[in-house]
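# Per-entry structural report
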Amino acid sequence: MPSANAPGGTTTGFPWPIETTTLDNGLRVVVSEDRSAPVVAVNLWYDVGSRHEPDGQTGFAHLFEHLMFEGSAHVAKTEHMKLIQGSGGSLNATTNPDRTNYFETVPAEHLELALWLEADRMGGLVPALTQETLDNQREVVKNERRQRYENVPYGDAWLRLLPLLYPAGHPYHHSTIGSMADLNAADLATFQAFHTTYYRPNNAVLTVVGDTTAAEVFAYAEKYFGAIESGEVPPPPDSALPGGLPEPAREVVHADVPAPRFYLSHRTAPFGTREYDVVTVLAGILGNGRGSRLYRKLVDEARLAQPDNIGAYGVDLAYAPAPLIISATAKDGVDPDALEAGLTGVLDELAAGDITDEEIERAKALLTTQWWRQVSTAGGRSDLLGRYATQLGDPARTGDQLPSWLSVTRDELAAAAATLTARSRVTLVYLPSPETASETASDSAEENDK
């Protein structure tokens, strides 16, 4: 049996205990006891995302998000979901460039069931994976690509931004959804090998939060996960890049979209760094809500942008400079050049140091609300602890996040804003195709005639 490490303890920003252990096979286990409600959240982070996919295997990590619900050695197809939901619980999974996570929240008396299910698909998915299951879920993912990315206005923006932000061959160059060609080409053995490589206990963090004890969770973890063999996990791909782009990039897309839209993006700093915390506060000043600089300048004052489609946000990528993305959609009749000038004008104001105390305090207040909203639930708390354990090596760093945001200074914000120049900017522009523009103009004329 493994022995528990010293508890992570209670921090100013995280008023719950954190206790950890590592099984002999390398599985890291994080527990945060909270007796306030009779529920537990189980969250399993695997250190595998689209950045780990070699050429020809794009989309694999996301496809496994689907396959992991299709049966394992002792669980029939779709039974994982039925057992959790039948016990009064909820469950889901997500994939991003950095990781894949699987999670469920259940009444506390069903903790053992949830852990057994997760262990069975960690150690027993490959024997149960069939060609029929693979083919079925491959089609599901291909349909998801069509419905979410290809057949909706602006849906392929992320697919276009990544290659502009990250050079060919970089782990962040392609999206998690992958390419149709790669999904079609891979055979069953290739998918089995991918799972065997990355879905190992020594490549995962198990986090449990809620109405339980560390001793109980550690015992269950040893019982159900302890016999799963560890394995050699390939070293992570090289993600090193400077923060800024070597030169600006621009792409103009004529598509079936209802109005012009701009995406302005900059590579900043990796998630988990002080520099990225500064960028997060800066994004709040720029584009979080109706009181943000972009909304006030381009919606309320200049009336250039649609109120429901304007904002700024960072994408929390941890292993290379993460992008800050600013987006806005033109109001009817607004010249696209005028909207772009308005966007760049706001960035130029901030770069010149025009940042008010009121804006800084507002952005920090919104981040405070956001943080507490996430940690107010067992599921949200378990996800944060899993993230910091997996990506930064220490779940207790969860408690440092909010204090770091709140300590960001005006000088730090001004220095970050000064890097958002045209010299290192990616600009993605969507313009209505001539056919769409003609139809829109016709519809507008008909409305005016009524």
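Residues numbered from 1 in each chain as written. Predicted model: local features only at pLDDT ≥ 70, side-chain atom pairs only at ≥ 80, totals over all residues. Heavy atoms only, no water.

### Comments concerning the overall build of the protein chain
Counting its regular elements, the protein chain contains 16 helices and eleven strands. Its C-alpha atoms give the protein chain a radius of gyration of 24 Å, within 12% of the compact-globule value 22 Å for 450 residues. Along the longest, intermediate and shortest principal axes, the C-alpha atoms of the protein chain span 70 × 50 × 45 Å. When each of the 450 residues of the protein chain is scored for burial, the buried share is 53%. Roughly 18700 Å² of accessible area belongs to the protein chain as shown, and the carbon and sulfur atoms make up 51% of that amount. Put simply, the protein chain has 35 plus and 61 minus side-chain charges, and the middle of one group is 3 Å from the middle of the other. (Helix = DSSP H or I, 4+ residues; strand = E, 2+ residues; numbered from the N terminus. Rg over C-alpha atoms; globule rule 2.2 N^0.38 Å. Buried < 20%, exposed > 50% of the residue type's maximum accessible area, 1.4 Å probe, protein only. Areas by Shrake-Rupley, 256 points an atom, 1.4 Å probe, with all protein chains shown as cover. Lys, Arg positive; Asp, Glu negative; His and termini not counted. Charge placed at Lys NZ, Arg CZ, Asp CG, Glu CD.)

### Quick word on the UniProt feature "domain: Peptidase M16 N-terminal" (unreviewed entry) in the protein chain
Residues given the UniProt feature "domain: Peptidase M16 N-terminal" (unreviewed entry) here are residues 29–147. With 43% helix and 23% strand, the stretch residues 29–147 has end C-alpha atoms that lie 37 Å from each other. (UniProt positions renumbered as here; feature names shortened; annotations may be inferred.)

### Observations regarding the nonpolar core
By size, the foremost hydrophobic cluster in this structure holds 80 residues, and its most contacted members are Leu286, Leu294, Leu298, Ile326, Leu339, Leu343 and Leu413. Here this core gets eight residues from one element, more than from any other, and that element is helix α9 (residues 274–287). The contact partners of Leu339, leaving out residues within four places of it in the chain, are Phe262, Leu298, Leu304, Ala305, Ala328, Thr329, Ala330 and Val334. Core analysis: the second largest hydrophobic core is formed by 53 residues, Val42, Val75, Leu115 and Tyr199 among them. (Core = buried A, V, L, I, M, F, W, Y, C linked by side-chain atoms within 4.5 Å. Contact = heavy atoms within 4.5 Å.)

### Here's the deal with unusual backbone geometry
Positive phi outside glycine occurs at Thr78, with the angle close to 70°. Notably, Arg303 is not glycine yet its phi reads approximately 55°, a positive angle. Along the chain, Arg303 turns up in the loop between α10 (293–301) and β9 (305–314).

### As for the sheet that holds strand β4 (residues 90–95)
Overall, mixed pairing links the six strands, which are arranged β1-β2-β6-β3-β5-β4 in an open sheet. Looking along the sheet, the strands with just one partner apiece sit at the ends: β1 (19–22) and β4. The mean inter-strand angle of the sheet, taken between neighbouring strand axes irrespective of direction, is 15°. Pairing geometry for β4 and strand β5 (residues 100–107), over six bridges, is antiparallel. Bridge pairing in β5 links Ala93 to Tyr102. Most of the contacts of helix α2 (residues 79–86) go to β4, to which it runs at about 135°, and overall it touches β4 and β5. In this fold helix α3 (residues 111–128) packs onto β3 (39–46), β5 and β6 (204–210), with an angle of close to 155° to the strand it touches most, β5. (Pairing = 2+ DSSP bridges. Axes fitted to C-alpha atoms, helices over the stretch in contact; angles between N-to-C directions.)

### Brief notes about the UniProt feature "domain: Peptidase M16 C-terminal" (unreviewed entry) in the protein chain
The UniProt record marks residues 189–367 with the feature "domain: Peptidase M16 C-terminal" (unreviewed entry), using the residue numbering of this structure. A distance of 45 Å separates the end C-alpha atoms of residues 189–367, which is 40% helix and 22% strand.

### What about α9?
Between its terminal C-alpha atoms α9 stretches 20 Å, which fits the 20 Å expected from 14 residues at 1.5 Å a residue. With respect to burial, α9 is a largely interior element, twelve of its 14 residues being buried. All buried positions along α9 are accounted for by Tyr276, Asp277, Val278, Val279, Thr280, Val281, Leu282, Ala283, Gly284, Ile285, Leu286 and Gly287. Among the residues trailing α9, Gly289 stands out with phi positive, at a value near 85°. (Expected span 1.5 Å × (residues − 1).)

### Describing the packing of α2 against α3
Running from N to C, α2 and α3 cross one another at 170°; their axes reach a closest spacing of 11 Å. Between α2 and α3, the angle falls in the class roughly antiparallel. In contact with His80, Leu83 and Ile84 of α2, α3 contributes Leu113, Ala114, Leu117, Glu118 and Arg121. (Parallel < 35°, antiparallel > 145°, perpendicular 65-115°, else oblique.)

### Some thoughts on the pattern of salt bridges
Evaluated as defined, the whole model comprises 24 salt bridges. Lys82 is the partner of Glu79 in a salt bridge, and the nearest nitrogen-oxygen pair spans 3.9 Å. Taken together, the residues span about one helical turn, with Glu79 and Lys82 both in helix α2 at a distance of three residues. A relative accessible area of 26% means that Glu79 is categorised as partly exposed. Linking Arg160 and Asp156 is a salt bridge whose minimum nitrogen-to-oxygen distance equals 2.9 Å. On the accessibility criterion, Arg160 (26% relative accessible area) is partly exposed. (Salt bridge = Lys/Arg side-chain N within 4 Å of Asp/Glu carboxyl O.)

### Observations regarding the sheet that holds strand β7 (residues 249–255)
Taken together, the five strands give an open sheet; going across it, the order is β7-β11-β8-β10-β9, and neighbouring strands pair in mixed fashion. Two strands close off the open sheet at either side, each with one partner strand: β7 and β9. The sheet shows a mean angle of 10° between the axes of neighbouring strands, taken without regard to direction. In the sheet, β7 pairs with strand β11 (residues 426–432) via seven bridges, with the strands oriented parallel. For Ala249, the partnering residue across the bridge sits in β11 and is Val426. Helix α5 (residues 157–165) contacts β7, β8 (261–267), β10 (323–330) and β11 of the sheet and is inclined by roughly 150° relative to β11. Each of β9 and β10 touches α9; the most contacted strand, β9, lies at about 170° to it.

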